[in-house]
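Okay, here's what each chain looks like letter by letter:
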Amino acid sequence: MRIGCLFGTFDPPHLAHMAIAEHMLHAADLDQVWLVVTPQNPFKQHVDLSPDEHRLAMVRLAVLGHSKLFASGFELDLPKPNYTAHSLQAMRMRWPEHSFDLIMGSDNLATFHTWFDPADILAHHRLLVYPRSGFQRNLEQAELREHPHVTFIADAPLMELSATSIREDIRHWRQVDDRVLPSVLSYIRQHKLYIP
């Protein structure tokens with residue numbers, strides 16, 4: 001199977017995550033999309049993340065009813081620090097029968113050359129790139145634009161939702177129903193996430 005991997009902290013998962021996953025499923029001719037919950041980035045220790053089990057539980061709720069979208073906690077069990085290249089290598093070893101594509105925003109593509117071992121990622125995986133506002137000029141100049149393993153999904157939904165602003169609004173009891181699924185919001189309230 002051809003599987004698209006959308007890596008993220010998903011703290012919390014929101015409607016833009018779901019819209020991108022659904023769109024990539026069809027536009028990139030994928031069999032499945034996995035929303036891969038990532039652990040704490042070693043370079044972002046100043047960011048307070050909800051515990052892994054809560055973030056994975058919220059993604060599981062978000063994909064309920066979507067037969068081709070799946071929540072994955074695979075990366076949470078890998079040795080730290082986590083690099084996407086290592087995680088994809090581990091996935092290739094664990095599921096050699098599948099091919100894995102990496103779904104990313106154009107903001108990530110603009111800094112892809114700074115990632116750990118980007119050459120290994122490009123050698124084994126397609127990059128499926130969706131637009132993020134403010135990064136179109138970077139894309140026009142990016143040397144990766146013509147790479148055979150880089151595919152731009154131009155008609156992907158351009159939804160600028162921020163998990164940071166969602167957490168802040170929840171912290172102040174402001175409405176977020178238009179950005180977060182009801183099941184996820186119920187979980188957040190039940191477990192008192194993002195509330196000091």
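Chains are numbered independently. Their residues run from 1 in the order of the written sequence. Selection of residues for local features in this predicted model requires a pLDDT of at least 70, selection of side-chain atom pairs for listing and counting requires 80 or more, and totals for whole chains, interfaces and linings are taken over all residues. By convention in this description, side-chain values take in all heavy atoms of the structure and omit both hydrogens and water.

(A) Quick look at the packing of helix α2 (residues 52–63) against helix α8 (residues 182–190). It is the contact of α2 with α8, at a shortest axis distance of 8 Å, that shows an interaxial angle of 155°. The orientation of α2 relative to α8 falls into the category roughly antiparallel. The crossing of α2 and α8 is right-handed. Within the contact between the two elements, α2 uses E53, H54, A57, M58, L61 and A62 and α8 uses S183, V184, Y187 and I188. Angles shown run from 0 to 180 degrees and are taken between the N-to-C directions of axes, each axis being a line fitted to C-alpha atoms and, for helices, limited to the stretch in contact. Secondary structure counts use DSSP, requiring at least four H or I residues in a row for a helix and at least two E residues in a row for a strand, with both numbered from the N terminus. An angle below 35 degrees is treated as roughly parallel, one above 145 as roughly antiparallel, one from 65 to 115 as roughly perpendicular, and anything else as oblique. Handedness of each helix crossing follows the sense of rotation of the near helix against the far helix: counterclockwise by less than a right angle gives left-handed, clockwise gives right-handed. Whether two residues are in contact is decided by their heavy atoms: any pair within 4.5 Å suffices.

(B) Inspection of the nonpolar core at higher detail. Judged by nonpolar contacts, the single largest core of 35 residues is most densely connected at M24, L30, V33, L35 and I103. Of all the elements in the fold, those that place two or more residues in this core are α1 (15–27), β2 (32–37), α2, β5 (127–130), α7 (163–171) and α8. Among the elements that line this core, the one with the most residues is α2, at six residues. If we skip the residues at most four places from it in the chain, L35 touches L6, F10, M18, A21, V59, V63, F70, A71 and S72. Nine residue types can take part in a nonpolar core, namely buried Ala, Val, Leu, Ile, Met, Phe, Trp, Tyr and Cys, and a core is a set of them joined through side-chain atoms within 4.5 Å. Burial status follows relative accessibility: with a 1.4 Å probe on protein chains alone, a residue under 20% of its type maximum counts as buried, one over 50% as exposed, and anything between as partly exposed. Counting residues in hydrophobic clusters, the runner-up holds 23 residues, among them W34, V36, M104 and V150.

(C) Seen up close, α7. All buried positions along α7 are accounted for by A163, I166, R167, D169 and I170. Here the buried residues of α7 occupy an arc of 165° about the axis, which is enough to place them on one side. In this structure, the buried side of α7 is in contact with α8. Here α7 starts with a cap whose side-chain oxygen sits 3.2 Å from the backbone nitrogen of T164, and that cap is S162. Directions from the helix axis toward the C-beta atoms define the arc. Pairing of N or O atoms within 3.5 Å defines a polar contact, subject to two protein rules: one partner must be a possible hydrogen donor and the other a possible acceptor, and residues neighboring in sequence count only if both atoms are side-chain atoms.

(D) Spatial organisation of the pairing of β2. Counting buried residues along β2, six of its six residues qualify, which places the element largely inside the surrounding structure. Where burial is concerned, the two faces of β2 agree: the one with Q32, W34 and V36 and the one with V33, L35 and V37 are both buried. The pairing criterion is simple: DSSP has to find at least two bridges between the two strands. Where strand β1 (residues 2–8) meets β2, six bridges bridge the pair, whose relative direction is parallel. Across the sheet, G4 pairs through a bridge with V33, a residue of β2. Pairing analysis gives four bridges linking β2 to strand β3 (residues 69–72), with the strands arranged parallel. For V33, the partnering residue across the bridge sits in β3 and is L69.

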